[in-house]
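Fold and geometry: a report
Single-letter residue listing:
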Amino acid sequence: MTFFVIIFVILIIHFSFFLQLYITGSTQISFFGWVSEFNYPIEIANKSLLYIVICTIALCIGYFTKRKSNRSCLLQSNYIYEGARLHKIRTLFKITVVFQILVALTVIIKGHGAYNRMAEIRESMNFLFELRIFPLILFTYIVQFIDRQNYKKFESEIFLFTVLFFLFLIIQARSLIFECGCILAYYYLKRHKNKVKFKYIVILYLISILPNIIVLGRLSSEQSNLMNIETWKNIFTYEYTILFNSIVGEVIANTKEYLYGGSIFTSFGLLLPSFIRDFFGIAVDKSHIVQIAKDAGVFGGGFSLFAEMYLNFGWFSSVIFFIIGYYLARQDNIWFNKPTISIYSCSVPIIYSYIILGMRNDLGVLVKQIVQVYIVIFLIRLLVRIKFCKNEIITG
């Protein structure tokens, strides 16, 4: 089911536009008063579709080459249940999640609940928000011990996670909300097997329009009037399908020389926290990518993973997508095929959310996020192994 979600995202972001184009001939989409248009000839559209199909097939081949069939995976909920390791992880979670709750509350209070103001403040506190990886990974570890019989023993952790999730909703931070959702989805699928089911597809579709519902809170009362049929039409519209296909069309139409990883290497400075970059005056040059988006008529709407791969490797991008599929399968094998609970495996839902969100961003951001997760995993394992008393033993 997890891999099906990625294919579903690709269908929405890219293939839904081509379906509209070839059936109705329309190159426009209207979304809450904003009109987006694909301004490239049909030949470029055909090439774009062929390129995306080839890369998607490579992604699937890479995934199913490595993916092992789901095993009967019963979680070892009694695994060092009251041991020092779990106790330390629960303590670390409470400390880090309370800190993150205070950060979120600061944004809400200073921004007076206004989205634009809160977004500005959150951007200025970006490093503090990036520290959310700590409580999210720690909760991913803890939640795997929770079942219907013992959930009361974890009431404090459940409550704190719920508060954090609720604050993310108030801030309207869609990516942060999505990260929390992926943790819960992976936990559920581990207990109920990672299979495609009709009810999951329905839930997935409803989740796909959730960002549009969140957008309603940022619009005027007239634009968000639920009594207006146009409002409902906009809720079920995927406006970004034209935006990201326009970016792909731009690179296919105008790329003369491939960068061979050049656009990725320039983003390595993102691995440093923002306050360190500011202190030492380290700039991350994304002007080339920004210019491509502008030339495609996209302003502030992210980028496209497919477009950046073509920008760097052209039609050989299928090799990169094969590797991504292989990596995704390896991650799923770690999560779904091993009954033991490890801190390392808790990175899987978070990285999965990054890869999905990375479909609408540049690869430099995705690489930065994945590296940061592994650094946090290392630090958590280091903290957990520290002995605070002479006779303490850490197992697992």
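Residues numbered from 1 in each chain as written. Predicted model: local features only at pLDDT ≥ 70, side-chain atom pairs only at ≥ 80, totals over all residues. Heavy atoms only, no water.

Moving on to the overall build of the chain. Tallying secondary structure elements over the chain gives 19 helices and two strands in all. Counting all 396 residues of the chain, 51% fall into the buried class. Considering only residue pairs separated by 6 or more positions, the chain has 80% of its internal contacts joining residues 24 or more positions apart. Accessible surface computed for the chain: about 19,600 Å², of which carbon and sulfur atoms make up 65%. (Helix = DSSP H or I, 4+ residues; strand = E, 2+ residues; numbered from the N terminus. Buried < 20%, exposed > 50% of the residue type's maximum accessible area, 1.4 Å probe, protein only. Contact = heavy atoms within 4.5 Å. Areas by Shrake-Rupley, 256 points an atom, 1.4 Å probe, with all protein chains shown as cover.)

Before going further, it helps to spend a moment on a nonpolar patch on the surface. Together, I57, I61, V319, F322, I323 and Y326 line one region of the surface with nonpolar side chains, adding up to about 520 Å² of accessible area. Every element with two or more residues in the nonpolar patch is listed here: α2 (42–66) and α17 (317–336). In terms of residue count, α17 provides more of the nonpolar patch than any other element does, four residues in total. Relative to the assigned elements, I323 resides in helix α17. (Patch = residues over 30% accessible without salt bridge, like charges linked within 9 Å, V, L, I, M, F, W, Y side chains within 5 Å. Salt bridge = Lys/Arg side-chain N within 4 Å of Asp/Glu carboxyl O.)

We now examine the packing of helix α16 (residues 305–313) against α17. Contact pair α16 / α17: the axes reach a minimum separation of 9 Å and the direction vectors enclose 130 degrees. As the angle between them shows, α16 and α17 are arranged oblique. Listed contacts from α17 to L305, F306, M309, Y310 and F313 of α16 are S317, I320, F321 and I324. In the contact of α16 with α17, the residues fall into eight nonpolar, one polar and no charged. (Axes fitted to C-alpha atoms, helices over the stretch in contact; angles between N-to-C directions. Parallel < 35°, antiparallel > 145°, perpendicular 65-115°, else oblique. Nonpolar A, V, L, I, M, F, W, Y, C, P; charged D, E, K, R; others polar.)

So, about the packing of aromatic side chains. Both the distance between ring centres and the angle between the ring planes are used here to describe each pair of aromatic rings. Counted under the stated rule, the structure contains 20 aromatic pairs. Seen in terms of ring centroids, Y186 and Y352 are 5.1 Å apart; in terms of plane orientation they differ by 70 degrees. Their pairing is edge-to-face. On the criterion of sequence distance, the pair formed by Y186 in helix α8 (residues 174–192) and Y352 in helix α18 (residues 347–358) is long-range, its members being 166 residues apart. Like Y352, Y186 is buried. Consider the rings of F306 and F321, whose centres lie 4.7 Å apart with planes at 15 degrees: the pair is stacked. A residue pair is termed long-range when its members are at least 10 positions apart, and F306 in helix α16 and F321 in helix α17 qualify at 15 residues. The burial state of F306 is the same as that of F321; both residues are buried. An aromatic cluster of at least three residues, connected via ring pairs, comprises F17, F18, Y22, F38 and Y40. Lying over the aromatic face of F129, R122 brings its terminal NZ or CZ to 6.0 Å of the ring centre. The ring of W335 carries K190 above its face, with NZ or CZ at 4.8 Å from the centroid. (Phe/Tyr/Trp six-rings, centres within 6.5 Å; stacked < 30°, edge-to-face > 60°. Lys NZ or Arg CZ within 6 Å of the ring centre and 35° of its normal.)

A separate point is the pattern of salt bridges. Using the criterion set out here, one finds five salt bridges in the structure. Two residues, K94 and E157, come together in a salt bridge whose shortest N-O distance is 3.9 Å. Here K94 is found in helix α3 (residues 84–111), whereas its partner E157 is found in helix α7 (residues 155–171), with 63 residues between them in sequence. Here K94 falls in the partly exposed class, since its relative accessible area comes to 33%. Here R132 makes a salt bridge to E179, at a shortest N to O gap of 2.8 Å.

Time to look at the nonpolar core. If you look at the biggest cluster of nonpolar residues, it comprises 121 residues, and the most contacted ones within it are I6, Y51, L59, I137, F306, F321 and L328. Broken down by element, this core gets its largest block of residues, 13 residues, from helix α1 (residues 2–24). Apart from the residues lying within four places of it in its own chain, the contact partners of Y51 are V248, I252, F306, M309, Y310, G314, W315, S317 and F321. (Core = buried A, V, L, I, M, F, W, Y, C linked by side-chain atoms within 4.5 Å.)

So, on to the packing of α8 against α18. Remark: α8 packs on α18, axes separated minimally by 8 Å, with the N-to-C direction vectors making an angle of 130 degrees. With respect to their mutual orientation, α8 and α18 come out oblique. For the pair α8 and α18, the sense of crossing is right-handed. Contact residues: α8 offers S175, F178, E179, C182, I183 and Y186, while α18 offers V348, P349, I350, Y352, S353, Y354, I356 and L357. Along the lines of polarity and charge, the residues of the contact of α8 with α18 split into 11 nonpolar, two polar and one charged. (Left-handed = near helix turned anticlockwise from the far one by under 90°.)

A few words on the environment of I213. Secondary-structure assignment places I213 in helix α10 (residues 210–216). Taking C-alpha positions, I213 is 9.7 Å from W232, a pair spaced 19 residues apart along the chain.

Attention now goes to the environment of F303. One can find F303 in the loop between α15 (287–295) and α16. Taking the C-alpha atoms as reference, F303 lies 8.9 Å from G358; in sequence the two are 55 residues apart. Beyond its immediate chain neighbours, meaning those up to four positions away, F303 contacts F244, I247, I289, I292, A293, E308, M359, R360, N361 and D362.

The subject of this paragraph is unusual backbone geometry. With a phi angle near 55 degrees, H112 is a residue other than glycine that sits in the positive phi range. Looking at the secondary structure, you find H112 in the loop between α3 and α4 (115–124). Take H112: its relative accessible area is 72%, and that puts it in the exposed class.

Shape is all these values report; function is a separate question.
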